Amino acid sequence: LFVLVARVEWTPRLALTCLGVALGLALVFCAVGFVEYQRRTLLLNPQVIASNQFQSYFRVNSLFFDPNIFGRFLVVVMAAVTAAMLWARGRREVMLAAAALAVMWAGLVLTLSQSSLGALLVALALLAALRWSVRGTVLVVALGVVLATVFVVAFPGALRLKLSSQQSVESATAGRGNLIAGGVRLFGRRPLAGWGSGAFEPQYRRFERVSGERAVTASHTIPITVAAEQGVVGFAAYVALLVTAFARLLRGARASPVRAAIAAAFAALVFHTWLYAAFLEDPLVWTLLALGTALAWRERPAPERHPAEALAV
């Protein structure tokens, strides 16, 4: 997939066409989600269907098997549409983009995907830094983090969270705390080469002494899963991939709304995988990397020719 997409001769018109297709799909998926919410009936995933029957809230997943993956797709499209709106020159384009974002925001809210909402904030912050000021964006983000921390500490009851209760924290994080702690312990037992690909579930069940129903295939935090399964070697490769990917996607992104959209969407996707797994196996990862690579190569400065070569020509 990476090779095929990277070989395409990308033009602004082709990129805009792809954005239109993605946006059309997102709006259709949102419409399906609205129907699901209105009828209180899901089309897919018996587990989510059963969960909705015993909860005070109702999550939609549209034509996706998981509400969080539906939310991830919406965030990627929303990042691209937001970039188009921020760099738009006409009022009509801004209004159309805002309307599309409003529809997708409604669909995203109905997923109740906290990881997707966080990923959207990451994408918006990066777009703000690329469009305006990095320093200003960092200050605003830092202020938001401080205010959020103060709110959680001062008013935990508003979030139904008791910081002194492990059970309350586990409930608020959907069990992520135990998975992360267990993954760290697995890494500590075999730090160099890890337990092997796909070994998180059986080893977590073995050492944490939990039933098969409670064990999962990953820690829902990709760095922890990689460290536990691949050890220091695999984790170093994972970090190297992220560093090189962001270096390629961010260099020169300020001058191009398409490249800014790709960088923001990729950043959102990476953050989402820190809360909901599925990184290397997600086709969106390789599509965004390939598209960003192709555009970076297309916009590279032309190499200077040696005077002897010019004379020979």
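Residues numbered from 1 in each chain as written. Predicted model: local features only at pLDDT ≥ 70, side-chain atom pairs only at ≥ 80, totals over all residues. Heavy atoms only, no water.

Chemist: I keep staring at the overall build of the chain and nothing clicks. Help me out?
Modeler: Counting its regular elements, the chain contains 14 helices and 0 strands. Its helices and strands taken in sequence order, the chain reads α-α-α-α-α-α-α-α-α-α-α-α-α-α from the N to the C terminus. Looking at the chain residue by residue over its 313 residues, the buried ones come to 40%. Of the contacts made within the chain by residues no fewer than 6 positions apart, 63% connect residues no fewer than 24 positions apart. Total accessible area on the chain is roughly 18,000 Å²; 67% of this is exposed by carbon and sulfur atoms. (Helix = DSSP H or I, 4+ residues; strand = E, 2+ residues; numbered from the N terminus. Buried < 20%, exposed > 50% of the residue type's maximum accessible area, 1.4 Å probe, protein only. Contact = heavy atoms within 4.5 Å. Areas by Shrake-Rupley, 256 points an atom, 1.4 Å probe, with all protein chains shown as cover.)

Chemist: How should I be thinking about the pattern of salt bridges in this particular structure?
Modeler: Two side chains carrying opposite charge are able to pair once their charged atoms lie near each other. Throughout the structure, instances matching the rule amount to 2 salt bridges. Notably, a salt bridge pairs aspartate 282 with arginine 72, separated by 2.6 Å at the nearest N-O pair. On the criterion of sequence distance, the pair formed by aspartate 282 in the loop between α12 (257-276) and α13 (283-298) and arginine 72 in helix α4 (residues 67-86) is long-range, its members being 210 residues apart. Judged by relative accessible area, aspartate 282 falls into the buried class, the value being 10%. By relative accessible area, arginine 72 is classed as buried at 2%. With a shortest N-O distance of 3.5 Å, arginine 205 and glutamate 201 are connected by a salt bridge. Of the two residues, arginine 205 and glutamate 201 are both situated in helix α10 (residues 200-208); the distance of 4 residues between them amounts to about one turn of the helix. The class of arginine 205 is partly exposed, set by a relative accessible area of 31%. Overall, glutamate 201 belongs to the partly exposed group, its relative accessible area being 27%. (Salt bridge = Lys/Arg side-chain N within 4 Å of Asp/Glu carboxyl O.)

Chemist: Looking at this structure, I do not really get the nonpolar core. What am I missing?
Modeler: Nonpolar side chains tend toward joint burial in soluble globular proteins. Core analysis: the biggest nonpolar cluster contains 64 residues, and Val81, Met104, Phe266 and Phe279 have the highest contact counts within it. The biggest single contributor to this core is α4, with 12 residues. Setting aside chain neighbours within four positions, we find valine 81 in contact with Leu19, Leu23, Ala97, Leu101 and Met104. Formed by 8 residues, the second largest nonpolar core is a distinct cluster that contains Leu186, Trp195, Ala199 and Phe200. (Core = buried A, V, L, I, M, F, W, Y, C linked by side-chain atoms within 4.5 Å.)

Chemist: Quick question: what am I supposed to make of the packing of aromatic side chains here?
Modeler: Under the defined criterion, the tally for this structure stands at 11 aromatic pairs. Pairing phenylalanine 29 with phenylalanine 64 gives two aromatic rings, centres 5.1 Å apart and planes at 80 degrees, and the pair type is edge-to-face. Here phenylalanine 29 is found in helix α2 (residues 12-39), whereas its partner phenylalanine 64 is found in the loop between α3 (46-53) and α4, with 35 residues between them in sequence. With a relative accessible area of 17%, phenylalanine 64 lands in the buried category. With a centroid separation of 5.2 Å and an interplanar angle of 65 degrees, the aromatic rings of phenylalanine 246 and phenylalanine 266 are classed as edge-to-face. Placement of the pair is phenylalanine 246 in helix α11 (residues 222-250) and phenylalanine 266 in helix α12, with a sequence separation of 20 residues. Residue class for phenylalanine 246 comes out partly exposed when judged on its relative accessible area of 23%. For phenylalanine 266, a relative accessible area of 0% puts it in the buried group. Taken together, the ring pairs in this structure connect Phe29, Phe64, Phe70 and Phe73 into an aromatic cluster. (Phe/Tyr/Trp six-rings, centres within 6.5 Å; stacked < 30°, edge-to-face > 60°.)

Chemist: Would you mind showing me how to read the layout of surface pockets here?
Modeler: If a probe the size of a water molecule is rolled over the atoms, the empty space left behind becomes visible. Of the voids in this model, the second largest pocket is the one considered here, and its volume is about 1,200 Å³. Along the walls of the second largest pocket sit 44 residues, with Ala15, Leu16, Leu19, Ala80 and Val258 positioned nearest its centre. Those elements that provide at least two residues to the lining of the second largest pocket are α2, α4, α5 (91-111), α12 and α13. Tallied by class, the residues present in the lining of the second largest pocket amount to 33 nonpolar, 5 polar and 6 charged. (1 Å grid on protein atoms, 1.4 Å probe; cavity = no way out; pocket = protein on both sides within 12 Å on 5 of 7 lines; lining within 4 Å. Points joined across faces, edges and corners; volume = space filled by probe spheres on them. Nonpolar A, V, L, I, M, F, W, Y, C, P; charged D, E, K, R; others polar.)

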